[in-house]
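# Fold and geometry: a report
As a plain string of letters, each chain reads:
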Amino acid sequence: MIDELRRRSEDAFRLKAGTLYPLLHSLEEKGFVTAYEQTAESGKTRRYYHLTKQGRSALQEKETAWNAYARAVGRVLKGGACLAGA
């Protein structure tokens, strides 16, 4: 999961297990994800996470808020380096 986050973000996200897994456990406690364990071909037990319906709803809310924030930052940046009254 850590490698996939790094790849999808073009190396912007370089999380460590000590950062990611406490976040996943918190999301599980809130009911946003479910998890199950399965033994991989290598014999190692792997934990798999899936978004719940509640998690998808929370994700949509966060995405909407993020998009509004990003648009606001974009509008400020398009205004140039100098702001009136500064």
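Here is a short report on the structure shown in this document. (Residues numbered from 1 in each chain as written. Predicted model: local features only at pLDDT ≥ 70, side-chain atom pairs only at ≥ 80, totals over all residues. Heavy atoms only, no water.)

## Points about the packing of aromatic side chains
Per the counting criterion, the structure on display carries two aromatic pairs. When the centroid spacing of 5.3 Å and the interplanar angle of 20° are considered together, the rings of Tyr36 and Tyr48 count as stacked. Note that Tyr36 is positioned in strand S1 (residues 33-39) and Tyr48 in strand S2 (residues 45-51), a separation of 12 residues in sequence. Taking relative accessible area as the criterion, Tyr48 reaches 33% and is therefore assigned partly exposed. (Phe/Tyr/Trp six-rings, centres within 6.5 Å; stacked < 30°, edge-to-face > 60°. Helix = DSSP H or I, 4+ residues; strand = E, 2+ residues; numbered from the N terminus. Buried < 20%, exposed > 50% of the residue type's maximum accessible area, 1.4 Å probe, protein only.)

## Describing unusual backbone geometry
Despite not being glycine, Glu10 has its phi angle at roughly 55°, a positive value. Along the chain, Glu10 turns up in the loop between helix H1 (2-8) and helix H2 (17-29).

## A look at the nonpolar core
Inside soluble globular proteins, nonpolar side chains tend to come together where they are buried. Ile2, Leu20, Leu24, Val33 and Tyr49 together form the largest nonpolar core, which totals five residues. Once residues lying within four places of it in the same chain are set aside, the contact partners of Tyr49 are Met1, Tyr21, Leu24, His25, Glu28, Val33, Thr34 and Ala35. (Core = buried A, V, L, I, M, F, W, Y, C linked by side-chain atoms within 4.5 Å. Contact = heavy atoms within 4.5 Å.)

Read these as spatial facts, not as claims about activity.
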